[in-house]
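Coordinate analysis (summary)
Residue-level listing of the chains:
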Number of protein chains: 2
Amino acid sequence: MASYGKILSLLRTSSAGYISGQEISNQLHVSRAAVWKQIKVLRELGFEVESKHSQGYRLLSSPDILLAAEIENELNCSLIGRSVVSFPVIDSTNVQARRLADEGALEGTVVVADQQSAGRGRLGRRWESPFGVNLYCSIILRPDIPVQQAPQLTFLSAVAVAETLNEICNLTAEVKWPNDILVNGAKISGLLNEMSAETEQIHFVILGVGINLNMAADQFPRELNYPVTSVLLATEEKVDRLLFLRTFLQRLDACYAELLTQGFAPVRRRWESLCNVINRQVDVDLGAEVLRGTVVGLDPEGALRLQLENGEIKKILAGDVRPVIT
Amino acid sequence: MASYGKILSLLRTSSAGYISGQEISNQLHVSRAAVWKQIKVLRELGFEVESKHSQGYRLLSSPDILLAAEIENELNCSLIGRSVVSFPVIDSTNVQARRLADEGALEGTVVVADQQSAGRGRLGRRWESPFGVNLYCSIILRPDIPVQQAPQLTFLSAVAVAETLNEICNLTAEVKWPNDILVNGAKISGLLNEMSAETEQIHFVILGVGINLNMAADQFPRELNYPVTSVLLATEEKVDRLLFLRTFLQRLDACYAELLTQGFAPVRRRWESLCNVINRQVDVDLGAEVLRGTVVGLDPEGALRLQLENGEIKKILAGDVRPVIT
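Just so you know, these numbers come straight off a predicted model, no measurement behind them. (Residues numbered from 1 in each chain as written. Chains lettered and ligands numbered in written order. Predicted model: local features only at pLDDT ≥ 70, side-chain atom pairs only at ≥ 80, totals over all residues. Heavy atoms only, no water.)

Topic: the overall build of chain A
Of regular secondary structure, chain A possesses nine helices and 14 strands. Here the C-alpha radius of gyration of chain A, 22 Å, is about what a compact globule of 326 residues would show, namely 20 Å. C-alpha extents for chain A along the principal axes are approximately 80 × 45 × 30 Å. Taking all 326 residues of chain A together, the buried fraction comes to 54%. Residue pairs at least 24 apart in sequence account for 62% of intrachain contacts in chain A once pairs closer than 6 positions are excluded. When the accessible surface of chain A is summed, it comes to about 14,200 Å², and 47% of that surface belongs to carbon and sulfur atoms. Of the charged side chains in chain A, 32 are positive and 38 negative, and the gap between their average positions amounts to 3 Å. (Helix = DSSP H or I, 4+ residues; strand = E, 2+ residues; numbered from the N terminus. Rg over C-alpha atoms; globule rule 2.2 N^0.38 Å. Buried < 20%, exposed > 50% of the residue type's maximum accessible area, 1.4 Å probe, protein only. Contact = heavy atoms within 4.5 Å. Areas by Shrake-Rupley, 256 points an atom, 1.4 Å probe, with all protein chains shown as cover. Lys, Arg positive; Asp, Glu negative; His and termini not counted. Charge placed at Lys NZ, Arg CZ, Asp CG, Glu CD.)

Examining the UniProt feature "binding site: biotin" (unreviewed entry) in chain A
With numbering aligned to this structure, UniProt lists the feature "binding site: biotin" (unreviewed entry) at S92, T93, N94, Q116, R120, G121, R122 and K187 of chain A. Not counting the four nearest positions on each side in its chain, N94 of chain A is found in contact with R120, S138, L192, E194, I206, L207 and G208 of chain A. Separated by 3.0 Å, the side chain of N94 of chain A and the backbone oxygen of L192 of chain A make a polar contact. Tracing the chain through its elements places R122 of chain A in the loop between β4 (110–116) and β5 (135–141). The class of R122 of chain A is partly exposed, set by a relative accessible area of 23%. When sequence neighbours within four positions are dropped, the list of residues in contact with R122 of chain A reads N179, D180, K187 and L192 of chain A together with E198 and E200 of chain B. (UniProt positions renumbered as here; feature names shortened; annotations may be inferred. Polar contact = N/O pair within 3.5 Å; in protein donor to acceptor, adjacent residues only side chain to side chain.)

Quick look at the environment of L308 of chain A
All names here are of chain A. Among the structural elements, L308 can be located in strand β12 (residues 304–308). Overall, the relative accessible area of 15% leaves L308 in the buried class. As for L308 and E128, which are separated by 180 residues in sequence, their C-alpha atoms are 37 Å apart. Discounting residues that sit within four places of it in the chain, L308 has contacts with L291, R292, G293 and K314.

Some details on helix α6 (residues 152–169) of chain B
Taking 1.5 Å per residue, 18 residues should reach 26 Å; α6 of chain B reaches 26 Å between its end C-alpha atoms and fits that length. Within α6 of chain B, 15 of the 18 residues are buried, which leaves the element mostly enclosed by the surrounding structure. (Expected span 1.5 Å × (residues − 1).)

Some words on a negative patch on the surface
Residues D102 and E103 of chain A together with D102 and E103 of chain B make up a contiguous surface patch of negative charge. For D102 of chain A, a relative accessible area of 49% corresponds to the partly exposed category. (Patch = residues over 30% accessible without salt bridge, like charges linked within 9 Å, V, L, I, M, F, W, Y side chains within 5 Å. Salt bridge = Lys/Arg side-chain N within 4 Å of Asp/Glu carboxyl O.)

So, the packing of α6 of chain B against helix α9 (residues 265–274) of chain B
Relative orientation and spacing of two packed helices are given, respectively, by the angle between their axes and the distance between those axes. Residues and elements named next belong to chain B. It is the contact of α6 with α9, at a shortest axis distance of 9 Å, that shows an interaxial angle of 55°. Between α6 and α9, the angle falls in the class oblique. Relative to α9, the crossing made by α6 is left-handed. Across the interface between the two elements, F155, L156, A158, V159, A162, E163 and N166 of α6 pack against V267, R270, W271 and L274 of α9. Its residues assigned to classes, the contact of α6 with α9 shows eight nonpolar, one polar and two charged. (Axes fitted to C-alpha atoms, helices over the stretch in contact; angles between N-to-C directions. Parallel < 35°, antiparallel > 145°, perpendicular 65-115°, else oblique. Left-handed = near helix turned anticlockwise from the far one by under 90°. Nonpolar A, V, L, I, M, F, W, Y, C, P; charged D, E, K, R; others polar.)

Quick notes on the interface of chain A and chain B
Across the boundary between the two partners, chain A contributes 29 residues, which contact 29 residues of chain B. Between chain A and chain B, a total of about 2,400 Å² is buried, with carbon and sulfur atoms accounting for 48% of that surface. Measuring nitrogen to oxygen at the nearest pair gives 3.5 Å for the salt bridge that ties E301 of chain A to K315 of chain B. At the surface where chain A touches chain B, the tally comes to 10 residue pairs in polar contact (both at pLDDT 80 or more). The set of elements that each furnish at least two residues to the side of chain A that touches chain B consists of α5 (93–102), β8 (186–198) and β9 (201–211) of chain A. Per-element accounting of the side of chain A that touches chain B gives the leading share, seven residues, to β8 of chain A. (Buried area = accessible area lost by both parts, 1.4 Å probe.)

Brief notes about the relation of the copies chain A and chain B
The transform that puts chain A on chain B rotates by 180° and translates by 0.0 Å along the axis, for an RMSD of 0.0 Å. Overall, the copies show the geometry of a two-fold rotation axis. When you check the interface residues of chain A against chain B, 100% turn up at the interface there too, and the contact is symmetric in its surfaces. (Least-squares fit on C-alpha atoms with pLDDT ≥ 70 in both.)

Considerations on the domain arrangement of chain A
Residue and element names in this part refer to chain A. Once the domains are mapped, chain A shows domain 1 (3–61), domain 2 (68–274) and domain 3 (281–323). Computed over C-alpha atoms only, the centres of domain 2 and domain 3 are separated by 25 Å. Between domain 2 and domain 3, the residue contacts involve 11 residues of the former and 15 residues of the latter. Across the domain 2 to domain 3 interface the summed buried area is about 900 Å²; carbon plus sulfur atoms make up 65%. (Domains from an automatic or database assignment.)

Overview of the UniProt feature "DNA-binding region" (unreviewed entry) in chain A
Under the UniProt annotation, "DNA-binding region" (unreviewed entry) lies at residues 21–40 of chain A. Summarising residues 21–40 of chain A: 85% helix, 0% strand, and an end-to-end C-alpha distance of 13 Å.

So, the sheet that holds β12 of chain A
Residue and element names in this part refer to chain A. Strands sit in the order β13-β12-β11-β10-β14 across an open sheet of five strands; the sheet is antiparallel. Of all strands in the sheet, those bounded by a partner on one side alone are β13 (313–316) and β14 (320–323). Strand after strand, the sheet turns through a mean of 45° between neighbouring axes, direction not considered. Of the strand pairs in this sheet, strand β10 (residues 281–285) and strand β11 (residues 290–298) are connected by five bridges, and their pairing is antiparallel. Its bridge partner lying in β11, D283 is registered against R292. The sheet contacts of helix α9 (residues 265–274) involve β11 and β12, and relative to β11 the element is tilted by about 130°. (Pairing = 2+ DSSP bridges.)

Structural data, given as C-alpha cells:
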C-alpha cells in the first residue's frame, strides 16, 4: 500500500485530536520528512489536513473518493484486492480491467472508479455512472476451471453483491437470473462479466459490478424501461462506500476460495436461496416461444433448470424469465 | 478484391501464352493505365511478369505466397472470407485477428500469413511456423449462441480441417478430442480457438488453424514429445496451399451455416465419425485420477461423453484421452 494510505488511516483513527509527526513517523517506521511528503500528497488529493505547531496533524475533511490505498488498508483478503487500482474518472472499469488483464495483471486485481464516462451494462447498453455516489468496480480472475463453467462466476458475484447489501444495508436483496440484483423488485445492481478464453483454458474473467448506493431519484436516467432503485432510495440512508466495497471484496474473496476448493454447489445453494423465482411458476421468453414451468435451480453450467408442466426438466441457457402473476 | 488479384487470375488462366493489355482492360473494365499500374504491383510482390511489345503480358513465375486477392478470387462463400487479410509475416494470425475483432471487424474476416514469428499453440505453447510451407489462418466469427455452447466451434473447425485433408490430399485424417487432427496417429494440425464474451453474449470467437502441409522432416522442432507429420510427409506429395485454403474455407462456411440453422447435431455426427476413439476403450487422465471407459460421443457443450464400466455416463470437460492398447 502507498504510505499516504497508512497515514490517512492514522489521521482517521485520531481525528478527534491531533497526532504528531513524530508519532506517525514512529508508528510507520518512516522519517519525519517522508511523513511531511505524504501529507502533501493527501492535500493534493483533496484531503483537508490541518497542521498545528507542537501538536501535529488533524484531518478536517475528506473528499468522497475511493482511494486504492484506503481500500487495501485492512482489507485482509487472501486473493481479491492483491492489487487495487483506483481512478476518479475512467471510461469503464471493465475496459480498464481488460487492458490490465491483457498485459498480464495478477489474479485478484481490482479496478475501482468514482465515475465512469462510458460505463457499460449487459448487451452493450449504457450504465449510468455519476460521480461519487455508487460503486463501479471490476475484478480480474484467472480460474483454472473449464470454459463451460465460467458462467458460475456470474452467480458468485451475484451472491457476494446480494449478501453484502443484506448485511451492510439491512435489505432483502434478491438475485434474478442470470445477472441482476433486485430490491423490492427494482434493479439495484447489474453484473457484467467478461471472459477471454481458449478451448482448454480461461485466460481471464472480469467480474464487472455496478451497484446503486447513494444515487438519488433525479440521478437515474429517465428512459429506462424497468424499475430501478438504490440503497439510498430503498433505506433512506446513505451507505459508506468504502465500508461497502471492502465488505463486498471480502465476501467475494471467501466465495471464490470456496468455489475453487468445493466446486459450484455451495455458491449454487446460496444463489438459489436468494433467487426471486425459485420454486415459482415462470414464463421464459425464448424469442421464438414462451415456456411455462417452475424454476427448480441452477445446473453446473449456470443454466436455469425449469420443470415443465409435464415434469420434464429443461435447461435454459438464454431467455427472459418472468414470474407468472396468479 | 484488389484489382491485381483479378489480373493475376487472368494471367494464370492464359499462362500458356500472352494476354494483351487491351484484353485485360476489356475484361476487367479498367483503363490500360490501370492495368499497367497493377502489373507493377504484382512485380513488386515477386511475380515475374514478362511484357512483350504487340503480344502483351505473360506470367513466368509466382512467389509462393498467399495473397488476399487470390484467396478471395472465386471463393464463393456466403460468410467466411467476406474480408481476407494476408501477411507475408506476422506475429500470430490469432493475435492479429483478435486485434481486428476488438476493432469491430466483420464476422467472416480471415487472417492468413505465410509465416508466424510468434505462432502459438494450445495452453500458450509455441507453434512452429516456418515461411511458405504450411497454413496459418484465423477466422473471426460472431455467432449468436450461448457462451456455454462456444466449444461447439472447436469441433466445427476440426471437422472442416479433417474433411479438407481427406478430400484434397486423399488422407484418412482423424480428430482427437478436444482440438487436434491426426494422420496415422501423428499430429498434422492444431486448432486454437479463442473467445471474448460476456455472460449473455459472445463478442467474437477466433478460430485459429495451423495445418502442416508442405513441411519437411527437418523443419519440425526437435523437442516435441508427441508424433507430428505433414501432408508432404504422409503423402510424399506437395499440396497447393491456395487450393487447400480455399477448399477449407468453403467447407468451414458450409459447416458454420449448418450449425447456425440446424444446431450442433450434424457437426457432432461428422466429428464423431472422424473421432479416433469413438466406441473405443480409453483412459482419461484428469490429473487427480484416471477414468477408464468407452467414448460414446460429444454432448452439446462439447464435453466428451464417457461410459464407465458400471454403465454410468460421465461428462469430460478437460483431460487427456488415451486409447487403451489391448
